[in-house]
Amino acid sequence: MRTFCVLTCPANELMADVHDRMPVIIPPDSYERWLANVEPDPRELLVPFPAELMRLWPISTRVNKPDNDEASILDVLSNDAGAEARLL
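Reading the values: rules and limits
- Residues numbered from 1 in each chain as written.
- Predicted model: local features only at pLDDT ≥ 70, side-chain atom pairs only at ≥ 80, totals over all residues.
- Heavy atoms only, no water.
- Helix = DSSP H or I, 4+ residues; strand = E, 2+ residues; numbered from the N terminus.
- Contact = heavy atoms within 4.5 Å.
- Areas by Shrake-Rupley, 256 points an atom, 1.4 Å probe, with all protein chains shown as cover.
- Salt bridge = Lys/Arg side-chain N within 4 Å of Asp/Glu carboxyl O.
- Buried < 20%, exposed > 50% of the residue type's maximum accessible area, 1.4 Å probe, protein only.
- pLDDT = per-residue confidence, 0-100.
- Polar contact = N/O pair within 3.5 Å; in protein donor to acceptor, adjacent residues only side chain to side chain.

Quick word on the overall build of the chain
Line of reasoning, step 1. Helix and strand counts for the chain come out as one helix and four strands.
Line of reasoning, step 2. Taken from the N to the C terminus, the helices and strands of the chain come in the order β-β-α-β-β.
Line of reasoning, step 3. Considering only intrachain contacts with a sequence separation of at least 6, the fraction spanning at least 24 residues in the chain is 41%.
Line of reasoning, step 4. Approximately 7,100 Å² of the chain is accessible, and the part contributed by carbon and sulfur atoms is 54%.

A few points about the pattern of salt bridges
Line of reasoning, step 1. For the structure on display, the rule yields four salt bridges.
Line of reasoning, step 2. In this structure, Glu70 engages Arg62 in a salt bridge whose closest nitrogen and oxygen atoms are separated by 3.1 Å.
Line of reasoning, step 3. What makes Arg62 partly exposed here is its relative accessible area of 35%.

Brief notes about the confidence of the model for the chain
Line of reasoning, step 1. Here the chain averages 86 in pLDDT, and 89% of its residues register 70 or above.
Line of reasoning, step 2. Within the model, pLDDT remains below 50 along residues 81–88, and this stretch shows 23 contacts once partners closer than five positions in the same chain are excluded.

Observations regarding the side chain of Ser60
Line of reasoning, step 1. Relative to the helices and strands, Ser60 is located in the loop between strand 3 (56–59) and strand 4 (84–87).
Line of reasoning, step 2. A relative accessible area of 16% places Ser60 in the buried class.
Line of reasoning, step 3. At a separation of 2.9 Å, a polar atom in the side chain of Ser60 contacts the main-chain amide nitrogen of Arg62.
Line of reasoning, step 4. Setting aside chain neighbours within four positions, we find Ser60 in contact with Ile73 and Leu77.

Written out as structure tokens, the structure is:
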């Protein structure tokens, strides 16, 4: 059986308005270290991703239903469209 898990860390400044935690995002230059079974211990990579490298925009709440499986669900909505802010 294939499985996965989502590791979380405290939210960065961008995410803090949405939730107090966020998924750990491993930067590309640290992939090899994260996946290797050697020292140094990669636990120090379990930190908030820099907020300045992320963007936040409103999308449809339709994203909350798995049946809505189409690319347009991530289109940017205007604030007056009743959209909720979601991180992408």
